[in-house]
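Here is what each chain is made of, one letter per residue.
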Amino acid sequence: MTKRIKGSCTTILVGKKASIDGSTIIARNEDGAEALNPEKFIYVKPADQPRHYQAVLSSFHLDLPDDPMGYTSTPDAVDGHGIWAAAGINSDNVAMTATETITTNSRILGVDPMAEDGLGEEDITAITLPYIHSAREGVARLGKLLETYGTYETNGICFSDQDECWYFESIAGHHWAAIRIPDDAYVIAPNRFNIDHFDFDSDDTMSAPDLQTIIEKYHLNPDQQGYNLRHIFGSSTVKDTRYNNPRAWYGQKYFNPEIEQDPIDQDLPFICHTDKKISIEDVKFVLSSHYENTPYDVYGTTNTEGEKKLFRPIGINRNQELHILQIRNDVPKAIAGIHWLAFGPNTFNAVVPFYANVTDTPEQYKNTGAHYDPRSQYWLSYLLATFGDYDFHLFEDFENIFEQNTVGACRHLQLETDAAYQNEADIPAYLTKVNAQLADISFNNSNKLLGQMVELAAPRMKLQFTLHD
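Residues numbered from 1 in each chain as written. Predicted model: local features only at pLDDT ≥ 70, side-chain atom pairs only at ≥ 80, totals over all residues. Heavy atoms only, no water.

Some remarks on the overall build of the protein chain
Along its length, the protein chain carries 12 helices and 16 strands. For the protein chain, whose C-alpha radius of gyration is 22 Å, the value lies close to the compact-globule estimate of 23 Å for 469 residues. Judged by the C-alpha coordinates and their principal axes, the protein chain covers about 80 × 60 × 50 Å. Considering only intrachain contacts with a sequence separation of at least 6, the fraction spanning at least 24 residues in the protein chain is 72%. (Helix = DSSP H or I, 4+ residues; strand = E, 2+ residues; numbered from the N terminus. Rg over C-alpha atoms; globule rule 2.2 N^0.38 Å. Contact = heavy atoms within 4.5 Å.)

Describing the nonpolar core
Ranked by size, the top nonpolar core spans 64 residues in total, and within it Phe159, Tyr167, Phe168, Ile181, Leu211, Leu229 and Phe233 carry the most contacts. Residues in contact with Leu211, not counting those within four places in the same chain, are Ile171, His175, Trp176, Ala177, Phe200 and Phe233. (Core = buried A, V, L, I, M, F, W, Y, C linked by side-chain atoms within 4.5 Å. Buried < 20%, exposed > 50% of the residue type's maximum accessible area, 1.4 Å probe, protein only.)

Some thoughts on the packing of aromatic side chains
Under the criterion given, the structure shown has 26 aromatic pairs. When the ring of Trp249 is compared with that of Tyr296, the centres are 6.0 Å apart and the planes differ by 75°; the resulting orientation is edge-to-face. Highlighted residues: Trp249 in helix H6 (residues 238–255) and Tyr296 in the loop between helix H7 (280–288) and helix H8 (305–308), separated in sequence by 47 residues. Ring-pair connections join several aromatic residues into one group, and the members of that group are Phe41, Phe343, Phe354, Tyr365, Tyr372, Tyr378, Trp379 and Tyr382. Directly above the ring of Tyr243 sits Lys239, whose terminal nitrogen or CZ lies 5.1 Å from the centroid. (Phe/Tyr/Trp six-rings, centres within 6.5 Å; stacked < 30°, edge-to-face > 60°. Lys NZ or Arg CZ within 6 Å of the ring centre and 35° of its normal.)

Some thoughts on the sheet that holds strand S16 (residues 352–355)
In space, the 6 strands of this open sheet follow the order S12-S1-S2-S14-S15-S16, with antiparallel pairing throughout. Sheet topology places strand S12 (186–189) and S16 at the edges, where each strand pairs with a single neighbour. Across this sheet, the average inter-strand angle for adjacent strands is 15°, counted without regard to direction. As paired elements, strand S2 (residues 24–31) and strand S14 (residues 319–327) share 8 bridges and run antiparallel to each other. By the bridge assignment, Glu30 is partnered in S14 with Glu321. Each of strand S15 (337–343) and S16 is contacted by helix H11 (residues 392–420), which is oriented at about 25° to S16, the strand it contacts most. (Pairing = 2+ DSSP bridges. Axes fitted to C-alpha atoms, helices over the stretch in contact; angles between N-to-C directions.)

Observations regarding the packing of H6 against H7
Helix-helix packing is characterised by the crossing angle of the two axes and by the distance between the axes. Between H6 and H7, the least distance of the axes is 10 Å, while the angle of their chain directions is 145°. By crossing handedness, the relation of H6 to H7 is classed as right-handed. Across from Tyr250, Gly251, Tyr254 and Phe255 in H6, the residues of H7 making contact are Asp282, Phe285 and Val286. Looking at side-chain class alone, the contact of H6 with H7 contains 5 nonpolar, 1 polar and 1 charged residues. (Left-handed = near helix turned anticlockwise from the far one by under 90°. Nonpolar A, V, L, I, M, F, W, Y, C, P; charged D, E, K, R; others polar.)

Description of the pattern of salt bridges
Applying the stated rule across the entire model yields 15 salt bridges. Between Arg180 and Glu164 there is a salt bridge, and its shortest N-O distance comes to 3.0 Å. Note that Arg180 is positioned in strand S11 (residues 175–181) and Glu164 in the loop between strand S9 (155–160) and strand S10 (165–171), a separation of 16 residues in sequence. On the basis of relative accessibility, which here comes to 15%, the residue Arg180 falls in the buried class. A relative accessible area of 14% means that Glu164 is categorised as buried. Salt bridges sharing partners connect three or more residues here, namely Arg136, Glu164, Arg180 and Asp183. (Salt bridge = Lys/Arg side-chain N within 4 Å of Asp/Glu carboxyl O.)

A word on H7
The buried count for H7 comes to 7 of 9 residues, which makes it a mostly enclosed element. Every buried residue of H7 is accounted for by Ile280, Asp282, Val283, Lys284, Val286, Leu287 and Ser288.

Thoughts on helix H12 (residues 427–457)
When the terminal C-alpha atoms of H12 are compared, their 45 Å separation across 31 residues agrees well with the 45 Å that a helix rising 1.5 Å per residue should span. The opening residue of H12, the one whose side-chain oxygen lies 3.2 Å from the backbone nitrogen of Ala429, is Asp426. (Expected span 1.5 Å × (residues − 1). Polar contact = N/O pair within 3.5 Å; in protein donor to acceptor, adjacent residues only side chain to side chain.)

What follows is the structure, encoded as structure tokens:
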């Protein structure tokens with residue numbers, strides 16, 4: 001069996017009344033266990049979806065339905081650890097991101113041990129997304145799979161459609177719970193058990209059928225009243241105070257600066273509300289952040305080295321790809337699904353709004369290899385981040401201009417496409433061509449930024465000598 005590797009991600013969900021344009025948004029940094037874990041962006045056609053699925057990291061396998069839908073996907077580019085499809089939007093405009101590694105505790109593991117032969121992160125998207133026609137249906141399908149086959153790890157998964165966003169958490173071997181995010185709310189979810197207050201009688205929650213029963217039977221609830229699932233199933237360790245909680249704190253601080261909270265607080269709220277309408281740019285900023293304008297900024301100039309290393313940042317060298325899955329409500333179904341995507345560490349990249357209703361993905365984004373290739377957007381993005389990290393403040397302004405110009409140019413092309421697509425006989429083929437143009441904008445601007453960085457850095461090389469020295 002191949003060694004199991006766990007990543008550590010950060011997730012954001014935004015309800016349709018909380019977003020700036022009425023769309024639903026689910027987003028995540030896919031963070032690897034190591035700095036480099038090459039990713040690619042592909043479109044899986046129905047004919048290419050397997051009818052029998054065999055996991056790589058466990059003995060789990062199952063027969064799949066004969067009627068899969070096509071879907072976008074960001075799987076591993078190097079074979080050997082399974083598919084790890086990570087995230088995508090299917091042809092019915094249902095989005096899914098899987099998974100956020102989360103925590104658990106020994107009390108529930110004593111009741112329901114992990115299933116070593118069960119399914120895991122490598123499998124979840126590929127066996128769920130092609131077969132669901134709503135976010136709620138996604139929760140039900142994945143829940144049944146977990147009940148039947150079990151899992152060897154605990155994870156958080158998100159589903160969305162034009163109306164709803166759902167957050168799903170697996171609980172030990174065979175149990176799970178999910179909650180619908182209110183339309184006017186947002187969520188920041190790091191690598192801990194995140195769901196707090198849970199109403200088993202609500203239409204906006206779903207769970208394993210016996211979840212409430214085992215809580216009572218095995219005395220799992222530490223609270224006098226109600227059901228706080230984070231208290232019941234979560235960890236609340238010292239590691240959470242440094243690795244997880246600060247990420248939720250910073251995201252909530254960004255959206256609600258008027259609220260004072262402690263970055264190590266174990267009870268930071270799960271579902272949050274803000275008067276600010278949340279944009280794609282807001283989501284990207286939070287998922288790229290290194291605690292700017294706080295004492296914990298990794299690139300800070302007035303804080304101590306200890307403060308810089310106290311908390312795990314959101315943007316980190318282990319960011320492999322960032323996806324923001326947007327289902328729009330102000331356009332027809334044919335162009336509603338947008339798979340925003342950026343590769344590599346988020347300090348020096350830009351998200352690109354790829355249409356999901358396509359037949360293929362751009363060359364620079366799908367042809368990622370195991371080793372550096374200047375023709376690959378993944379490797380180019382990593383080069384920018386690696387170079388930029390050596391003197392962040394020298395390059396920071398150029399990166400900010402690059403990101404603004406890239407996203408602005410992509411948005412302009414998107415607006416033109418939204419207005420013109422109805423004149424096309426083959427809409428998926430047309431959107432596929434537009435996606436190639438969007439990729440070119442990102443790739444060309446990335447190379448331009450790289451050139452600017454070289455021109456800035458070359459005169460500062462230590463390897464120099466002049467007659468005036």
